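# Overview (structure and organization)
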Amino acid sequence: MPEAYDQEGIVNQEKRFSVALQRYRDTNAGEKMNPFAEQEAWEDHQIGKATLKFGSKDKKKSDDYQFVFENQIDFIKASVMDGVNFQDELLTESLEESMAKSAFEKLQEDRKTLPIYRYRDELLQAVQDHQVLVIVGETGSGKTTQIPQYLHEAGYTERGKIGCTQPRRVAAMSVAARVSQEMGVKLGHEVGYSIRFEDCTSDKTVLKYMTDGMLLREFLGEPDLASYSVVMVDEAHERTLSTDILFGLVKDISRFRPDLKLLISSATLDAEKFSDYFDSAPIFKIPGRRFPVEIHYTKAPEADYLDAAIVTALQIHVTQEPGDGDILVFLTGQEEIETAEEILKHRTRGLGTKIPELIICPIYANLPTELQAKIFEPTPEGARKVVLATNIAETSLTIDGIKYVIDPGFSKMKSYNPRTGMESLLVTPISKASANQRAGRSGRTGPGKCFRLYTAYNYYNDLDDNTVPEIQRTNLANVVLSLKSLGIHDLLNFDFMDPPPAEALLKALELLFALSALNKLGELTKVGRRMAEFPLDPMLSKVIVASEKYKCSDEIISIAAMLSVGSSIFYRPKDKQVHVDNARLNFHTGNVGDHIALLKVYSSWKETNYSTQWCYENYIQVRSMKRARDIRDQLEGLLERVEIELTSNSNDLEGIKKAITAGYFPHSARLQKSGFYKTVKHPQTVHIHPTSGLAQVLPRWVVYHELVLTTKEYMRQVTELKPEWLVEIAPHYYQLKDVEDSGSKKMPRGEGRAS
Ligand code: CDP
Ligand code: MG
């Protein structure tokens, strides 16, 4: 399944590269740069003033620290979110008692303190009595980690695996790790996880955590999920595209597999909708435990939410006792989190012992596994943790000890225009439902506070009640191909919980037809069947299938692997830009285009026997390269499965480019007199991304991998093409008049229809 674009424009990219380098330097070269020197001096001065005051006047701490930060944010307390059953005291024990126990015993004790524990028997009874059960419970009540274990303890794994789906990779990995600890087994043995391009399971695995997309793919090999005794579709309220498709598929198989237990679990209370969809399945409510949460809004809208979030976090940190709880800040993505981390570090640097220690813990999808564990570690006494998280902390991951939540009110959301086929990932206001989930994160262990960086008016008038399900705002080509290969033909009448727009479905069918994955009757072709084997976007799968014809499958799977890693291959530290650009140019010799450049990077790395040193010398992120190698290995395995021979033809660059064009021909653009590009179908003005090797070259015709919208609509990963290839490779899509010079003013003809 396609992954979200993981970054935005050049600005952020530079930021990110500089951050990446900072780390590299910290660990490798031992030297440090300081882009903040000037500001630091100014702030030192301010701090000096603040501490002087602190010593001389007997004022409240908060007043003094005002001077540490340039600005402050005023909040008004507007409401209190009621607690639920918060009278129930947590089981407490003395420090000595808990020290005496082994870590394993401690975990077993912890399991018993979870709200779900006292409903264990009732829950098991309900699962026994009903085939389908909707389970609702507050985040942190123990649904994800406990229910599969209870079912295992009750013997369900004797009949088959228990599968539990998560919308996010990190959640699947982290929860599996936690459960394996709780069960005292090695991760990957009895408890494992499976995410795209990473399978951490074995024959022994009986509790399998996986992304919803992976379960969807398992249907291809095992349409009745015969090896499973229980399927738990977790985080159902998230309504990801894959979850929505899974609903339809599991509902269908539950009819002819009465032995299969189906659990649909959700953190929100609108469970009736799930129940209605699953033929009035009973709803099992786990009474939660949440303390009241005070909601604070800003008095006036905040122009810069990132800055406001940082200032608010610091305000809380210096004015509240450190032992009283940690801070959770919701940000929209990796770059933003890395920026916030840098600024926070910078602003607290030099304050020494004047303020308590602030431990900064980022968490986002691409964070290396070793670093993810940090957010779950207990906060040392006298310090405070500030967790900088994406939406992942909204319901997917429970972090204990949070007392303060800072909610800027945004998340990154995919949106799709079926008319143009353009998909973009934009920072968008969240829904009221999300805002309330976020606020709830602060009331888990005691009364909490949520600081919303927007006004009460914004909340009531501007935010939607619920997030629009992904199925209604995304490109459907991938799921349509999956459904078709499962033998589901009548997509318009598929049992969707909320149907996608008909236009988006048609668009997906059109694209698959254009790629020759479907025939005129909308049936899967041999090409389509082969494409469906690859867990990639259909256009990229098509490139791989087409590589057979051009005898360059070896090169193409390297390129596909590099594209799948995302754009985090190079980094570009500010003070070494000249060196970096030279290093990069090496791969672009002859203006071969970005795809071939990626291939050259991969091949050169391979020639050095996958050397880490070589990566450092070329400003290439070794972690990305290792991932590319893993992905490539898997693609090689899949090639064998679809019986495409591994053939290499590295001198025939034209063949490689033609194979790329065979999948990406709908993404063609031509240079205009204005110096800008126009996409050939659905004419739209676009530009070559500045990081592209062709950004200065401006070939007349190009094919691109994707569009990213930042300040402008940019094409990323661009390769030059000859216009006659379009007619040669996709005669059903392009005609001569589309590519002739005289035809430049004409509108392209209508697209091939799938009917
Ligand atoms: O799924 P739900 O939100 O109901 O809760 P859960 O994910 O099963 O989490 C239950 C408890 O397990 C939380 O209180 C966390 O403290 C703990 N947990 C953890 O320590 N580490 C994880 N990776 C996941 C959960
Ligand atoms: Mg959960």
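Just so you know, these numbers come straight off a predicted model, no measurement behind them.

Criteria and cut-off values
Residues numbered from 1 in each chain as written. Chains lettered and ligands numbered in written order. Predicted model: local features only at pLDDT ≥ 70, side-chain atom pairs only at ≥ 80, totals over all residues. Heavy atoms only, no water. Near = heavy atom within 4 Å. Polar contact = N/O pair within 3.5 Å; in protein donor to acceptor, adjacent residues only side chain to side chain. Areas by Shrake-Rupley, 256 points an atom, 1.4 Å probe, with all protein chains shown as cover. Helix = DSSP H or I, 4+ residues; strand = E, 2+ residues; numbered from the N terminus. Phe/Tyr/Trp six-rings, centres within 6.5 Å; stacked < 30°, edge-to-face > 60°. Buried < 20%, exposed > 50% of the residue type's maximum accessible area, 1.4 Å probe, protein only. Lys NZ or Arg CZ within 6 Å of the ring centre and 35° of its normal. Pairing = 2+ DSSP bridges. Axes fitted to C-alpha atoms, helices over the stretch in contact; angles between N-to-C directions. Parallel < 35°, antiparallel > 145°, perpendicular 65-115°, else oblique. Contact = heavy atoms within 4.5 Å. Nonpolar A, V, L, I, M, F, W, Y, C, P; charged D, E, K, R; others polar. Salt bridge = Lys/Arg side-chain N within 4 Å of Asp/Glu carboxyl O.

### Quick notes on the site of ligand 1
- What surrounds ligand 1 is a group of 15 residues, the closest being Gly140, Lys143, Thr144, Thr145 and Asp400.
- A distance of 2.9 Å separates an oxygen atom of ligand 1 from a polar atom in the side chain of Arg178.
- The separation between an oxygen atom of ligand 1 and a polar side-chain atom of Arg444 is 3.0 Å.
- When ligand 1 is considered free in solution it has 530 Å² of accessible area, and contact with the protein chains removes 95% of it.
- Elements that contribute at least two residues to the shell around ligand 1 include exactly α7 (143-153) and α8 (169-183).

### Here we look at the packing of aromatic side chains
- The tally for this structure, following the rule as stated, stands at 17 aromatic pairs.
- Ring centres 6.1 Å apart and planes at 50 degrees place the aromatic pair Tyr297 and Tyr459 in the tilted group. In this pair, Tyr297 sits in strand β10 (residues 293-298) while Tyr459 sits in helix α16 (residues 456-462), placing the two residues 162 residues apart along the sequence. Tyr459 shares its class with Tyr297; the two are buried.
- An aromatic cluster is built from Phe247, Phe274, Tyr277 and Phe278, whose rings are joined through pairwise contacts.
- Positioned above the aromatic ring of Tyr277 is the side chain of Lys251, whose terminal nitrogen or guanidinium carbon lies 4.2 Å from the ring centre.
- Geometry around Tyr734 places Lys681 over its ring, the cationic atom sitting 5.5 Å from the centre.

### A word on the sheet that holds strand β20 (residues 685-688)
- The mixed closed barrel is built from 5 strands, whose spatial order is β18-β19-β20-β22-β21. Going from strand to strand, the sheet's axes swing by 50 degrees on average, the running direction of each strand aside.
- Note: strand β18 (residues 668-671) against strand β21 (residues 701-709), 3 bridges, orientation antiparallel. Looking at the pairing, Arg670 lines up with Trp701 of β21.

### So, the packing of helix α23 (residues 594-607) against helix α25 (residues 622-641)
- As a packed pair, α23 and α25 sit with axes 11 Å apart at the nearest point and diverge in direction by 95 degrees. The angle between the axes of α23 and α25 places the two elements in the roughly perpendicular class. Along its contact with α23, which presents Val601, Tyr602 and Trp605, the element α25 presents Met625, Lys626, Ala628, Arg629 and Arg632.
- By residue class, the composition of the contact of α23 with α25 is 5 nonpolar, no polar and 3 charged.

### Thoughts on the sheet that holds strand β14 (residues 402-407)
- Pairing in this open sheet of 7 strands is mixed, and the strands run β1-β10-β17-β14-β11-β13-β12 from one edge to the other. The sheet is open, and its two edges are formed by β1 (75-81) and β12 (358-363), each paired on a single side. Adjacent strand axes in the sheet meet at a mean angle of 20 degrees when their direction is disregarded.
- Bridge count for strand β11 (residues 326-330) against β14 is 4 bridges, and the pairing is parallel.

### A word on the pattern of salt bridges
- What the rule picks out here adds up to 33 salt bridges.
- A salt bridge links Asp498 to Arg239, with the nearest nitrogen and oxygen atoms 2.8 Å apart. Within this pair, whereas Asp498 is found in the loop between α17 (477-485) and α18 (502-514), its partner Arg239 is found in the loop between β7 (228-233) and α10 (241-256), the two being separated by 259 residues in sequence. Considered together, Asp498 and Arg239 belong to a single accessibility category, that of buried residues.
- Ionic contacts of the salt-bridge type, sharing partners, join the residues Arg111, Arg120, Asp121, Glu153, Arg178 and Glu182 into one network.

### Remarks on the environment of Phe570
- You can see Phe570 is positioned in the loop between α21 (553-564) and α22 (577-587).
- As for Phe570 and Arg584, which are separated by 14 residues in sequence, their C-alpha atoms are 8.2 Å apart.

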